[in-house]
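# Topology and contacts: notes
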Amino acid sequence: MASAGNNSRALPWALVTPALAWTCAFFVLPFIAMGFSSLTAHEGGGFTLANYSQFFTDPSYWRAMVNSLEVTAIVTVISILLAYPFAWILAEMVPERWQRLALMLAVLPFWTSYVVRSYSWLLVLAQNGVINRALTGIGLIGEPLQLANTRFATVTGFVHFFVMLLTLTIFANLKQLSPSYRKAAADLGARPVRTFLHVVLPLTLPGIMVGAFLTFVLCIGDYVTPQILGGNNELLMPQLVMMQIGRRGDFPLASALSIILMAVVTIAYLACARWLKIERA
Amino acid sequence: MRAAVRLAAWVYAIAVYGFIFLPVVVLVLFSLQATSFPIPPFTGPSLRWYQAVLSDAKLTSALFNSLLVAVLSSLASVTLGFLSAWGFARFVLPGSAILRGLITLPLTVSYLIIGMGLLVLFNWAGVPKSLLAAGIGHVVINLPLCFAIIYSQMGDHQINIERAARDLGAAEWKVLLMIAVPVMAPAIFAGFFLSMTFSWDEFVISFLLTRFETTLPVEIWNLLRSGLNPKTNAVGSLVFAVSIVLVVFFELTLLRRKPA
């Protein structure tokens, strides 16, 4: 675009081109490669839609998508319900000078390695783990409960992570809220509960939606937590993708499943776009 | 009534803190246990498993690999991110909104899919699995982050300093290196340390793109195959400690930004 020698016009392109080239070479191009790969047959090459039709006709593949959507929905709802009151307590009841420390403590475990974080839940939930030992110790149950390798374990591991994330986003949202809204509502005679339901909650809804969207994207695309905590009793989409690569070396099918997974995330984005845009403005 | 609500709120907050800290406390506590299984009851402290980790050549070389990949990929991310952020903030470029969107696009895609795409591409191009391949993936995920952080911190007051430098006869590269970089240092450090923590912790891309030399999260994953193991607790606690140090650096650089 810029003529050679015209320094003032070449400079800006020289600045932005390396980053753009990197993104094109190692993000856009791989994505195109994956798209092509998803349309080829595993054995012998040649173009085919078989990988996609396999997903839509094989019930076990469908099942993985349904499991993923169910787990993600459960995790998102529980995380919001747990995080909102917690963020509210931190923002409203903790004295101002302690808030930063309280918030830092609340997100501290965020920084454990994410493989290790899932593994630590295994220590808590295993047959001879902390919870089962405690419950049998006080005589509440005779036999240890099957907690690990269940959907319960997967959801617990995810909720643990996303409560921290949502506490951060909701806390930030509550702090941004000008106190004059609540004062106005109180002056007009609204009781605290009513003020909360009709003023505070609607005004923090965009923040909740952004948090929910983040939870959705990160949760539905994660392989580690379901693999460590859920085991192979019920497969989620990322586990299915990894299985195609690990056990069978079937890149085309893995590519097709990845693209389907990405399509689902895009649909979720479009569904939340209204709130996500408000936040960005 | 009021007092009851307050009490309930505090009990709730403590319960949530308990939930958040439970696995971490269990992890660190049982890393200090001398017996061969990290399970209750706790039988007294010992540094035995830390010794085992530090004398395990596989783990220590993975730790070194992780640090190497984290430092180099973060340097690359923050350099590319800074140059492009400065370019977009200071110059008018055609289609700049779309191009900025392109740079931040990888933020919305899961690491698994980014890793998959690179695996397919490298497989076709005949690029072997290696630390370099994983490092390239780490730049893909961290470049948008560095760009977004630095771009958001490019204020107007900095333009005037740069203009003054130009008026006094500084060449563009001098403005960039001697004015823009020092002025933006807090944002650059923030981007760098955040990249470091993400790269240090990243698993899926490294798992897909490395084979013989791997990073620490991948080695930990391999350890997990042997079931509950106090060595995993010890290495996990060490990783946690390193992350905390990085986060403290990140906090300090972010806090330093505030008075500006």
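Residues numbered from 1 in each chain as written. Chains lettered and ligands numbered in written order. Predicted model: local features only at pLDDT ≥ 70, side-chain atom pairs only at ≥ 80, totals over all residues. Heavy atoms only, no water.

Looking now at the overall build of chain A. If you tally the helices and strands in chain A, you get twelve helices and zero strands. The order of helices and strands in chain A, counted from the N terminus, is α-α-α-α-α-α-α-α-α-α-α-α. By the compact-globule yardstick of 19 Å for 281 residues, chain A is too spread out, its C-alpha radius of gyration being 24 Å. Among the 281 residues that make up chain A, the fraction classed as buried is 51%. (Helix = DSSP H or I, 4+ residues; strand = E, 2+ residues; numbered from the N terminus. Rg over C-alpha atoms; globule rule 2.2 N^0.38 Å. Buried < 20%, exposed > 50% of the residue type's maximum accessible area, 1.4 Å probe, protein only.)

Right, let's talk about the overall build of chain B for a bit. A count of helices and strands for chain B gives twelve helices and zero strands. Reading chain B from its N end, one meets helices and strands in the order α-α-α-α-α-α-α-α-α-α-α-α. On C-alpha atoms alone, chain B measures out to a radius of gyration of 23 Å, which is more than a quarter above the 18 Å that the 2.2 N^0.38 rule sets for 260 residues. Its C-alpha atoms give chain B principal-axis dimensions of about 70 × 65 × 30 Å. Within chain B, buried positions represent 52% of all 260 residues. Of all intrachain contacts in chain B linking residues separated by at least 6 positions in sequence, the fraction that spans at least 24 positions is 73%. In chain B, 16 side chains carry a positive charge and 10 a negative one; their mean positions are 7 Å apart. (Contact = heavy atoms within 4.5 Å. Lys, Arg positive; Asp, Glu negative; His and termini not counted. Charge placed at Lys NZ, Arg CZ, Asp CG, Glu CD.)

Before going further, it helps to spend a moment on the interface of chain B and chain A. Every contact between the two is made by 78 residues of chain B and, on the other side, 77 residues of chain A. Summing both partners gives a buried area of about 7000 Å² for chain B against chain A, and 84% of it is carried by carbon and sulfur. Where chain B meets chain A, there are zero salt bridges. Seen at the junction of chain B and chain A, the total is five residue pairs in polar contact (both at pLDDT 80 or more). Top element by residues in the side of chain B that touches chain A is helix H1 (residues 2-31) of chain B. It accounts for 16 residues. Split by residue class, the side of chain B that touches chain A holds 61 nonpolar, twelve polar and five charged. (Buried area = accessible area lost by both parts, 1.4 Å probe. Salt bridge = Lys/Arg side-chain N within 4 Å of Asp/Glu carboxyl O. Polar contact = N/O pair within 3.5 Å; in protein donor to acceptor, adjacent residues only side chain to side chain. Nonpolar A, V, L, I, M, F, W, Y, C, P; charged D, E, K, R; others polar.)

Moving on, we come to the side chain of Thr 167 of chain A. Residues and elements named next belong to chain A. Here Thr 167 shows up in helix H7 (residues 151-176). What makes Thr 167 buried here is its relative accessible area of 0%. Side-chain polar atoms of Thr 167 contact the backbone oxygen of Val 163, separated by 2.5 Å.

Residues and elements named next belong to chain B. One pass over the structure, following the stated rule, counts 22 aromatic pairs over all chains. Centroid distance Phe 192 to Phe 193: 5.5 Å. Interplanar angle 75°. Geometry classified as edge-to-face. For the pair shown, Phe 192 and Phe 193 are each scored as buried. (Phe/Tyr/Trp six-rings, centres within 6.5 Å; stacked < 30°, edge-to-face > 60°.)

The subject of this paragraph is the nonpolar core. In terms of nonpolar packing, the biggest core is built from 88 residues, with Phe 203 and Leu 209 of chain B touching the most fellow members. Here the element with the most residues in this core is helix H12 (residues 251-280) of chain A; it accounts for 13 residues. Excluding anything up to four places from it in sequence, Phe 203 of chain B contacts Tyr 114, Val 115, Tyr 223 and Val 224 of chain A together with Pro 217, Val 218 and Trp 221 of chain B. Membership of the second largest hydrophobic core comes to 81 residues, among which are Val 200 of chain A together with Val 139, Ile 179 and Phe 192 of chain B. (Core = buried A, V, L, I, M, F, W, Y, C linked by side-chain atoms within 4.5 Å.)

A cluster of nonpolar side chains, namely Leu 29, Ile 32, Phe 36 and Phe 47 of chain A together with Trp 124 of chain B, defines an oily patch on the protein surface of about 570 Å² accessible area. Per-element tally for the nonpolar patch: the top contributor is helix H1 (residues 7-38) of chain A, with three residues. Turning to its location among the elements, Phe 36 of chain A is positioned in helix H1. What makes Phe 36 of chain A partly exposed here is its relative accessible area of 42%. (Patch = residues over 30% accessible without salt bridge, like charges linked within 9 Å, V, L, I, M, F, W, Y side chains within 5 Å. Areas by Shrake-Rupley, 256 points an atom, 1.4 Å probe, with all protein chains shown as cover.)

Our next topic: the pattern of salt bridges. Residue and element names in this part refer to chain A. Within the structure shown, the criterion is met by seven salt bridges over all chains. The salt bridge partner of Glu 70 is Arg 63, with a shortest N-O separation of 4.0 Å. Residue classification places Arg 63 among the partly exposed residues on the basis of a relative accessible area of 44%. Classification of Glu 70 as partly exposed rests on a relative accessible area of 31%. Each of Arg 63, Glu 70, Arg 151 and Glu 234 takes part in one network of salt bridges that share partners.

As for its placement among the helices and strands, Asn 142 of chain B is situated in helix H6 (residues 131-152). Residues in contact with Asn 142 of chain B, not counting those within four places in the same chain, are Ser 77, Ser 195, Phe 198 and Ser 199 of chain B.

Turning our attention to the confidence of the model for chain A. Do not read the fine detail of predicted coordinates wherever pLDDT is low. Residues and elements named next belong to chain A. Summing up the model confidence of chain A, the mean pLDDT is 84 and the portion of residues at 70 or higher is 94%. Predicted confidence in chain A is weakest over helix H8 (residues 179-187), with a mean pLDDT of 78, and strongest over helix H3 (residues 59-92), with 92. Here residues 1-6 is modelled with pLDDT under 50, and outside its nearest four sequence neighbours on either side it reaches five contacts, counting other chains as well. (pLDDT = per-residue confidence, 0-100.)

This next bit is on the packing of helix H2 (residues 50-57) of chain A against H3 of chain A. Residue and element names in this part refer to chain A. The interhelical angle for the contact between H2 and H3, taken along N-to-C directions, is 75°, at an axis separation of 5 Å. Regarding the angle of H2 to H3, the classification is roughly perpendicular. For the pair H2 and H3, the contacting residues are Gln 54, Phe 55, Phe 56 and Thr 57 in the first and Pro 59, Tyr 61, Trp 62 and Met 65 in the second. Looking at the contact of H2 with H3 residue by residue, the classes come out as six nonpolar, two polar and no charged. (Axes fitted to C-alpha atoms, helices over the stretch in contact; angles between N-to-C directions. Parallel < 35°, antiparallel > 145°, perpendicular 65-115°, else oblique.)

Mapping Ala 13 of chain B onto the fold places it in helix H1. Residue class for Ala 13 of chain B comes out buried when judged on its relative accessible area of 5%.

This next bit is on H2 of chain A. Within H2 of chain A, burial applies to Asn 51, Tyr 52 and Phe 55 of chain A. End-on, the buried residues of H2 of chain A take up no more than an arc of 100°, which puts them together on one face. (Arc of directions from axis to C-beta.)

Moving on to the packing of H3 of chain A against helix H9 (residues 192-220) of chain A. Residue and element names in this part refer to chain A. Relative orientation of the contacting elements H3 and H9 amounts to 140°, with a least axis distance of 10 Å. The orientation of H3 relative to H9 falls into the category oblique. Relative to H9, H3 is oriented so that their crossing is right-handed. Residue-level inspection shows Ser 68, Leu 69, Thr 72, Val 75, Thr 76, Ile 80, Tyr 84 and Trp 88 of H3 in contact with H9, the latter providing Phe 196, Val 200, Leu 201, Thr 204, Ile 208, Ala 212, Thr 215, Phe 216, Cys 219 and Ile 220. (Left-handed = near helix turned anticlockwise from the far one by under 90°.)

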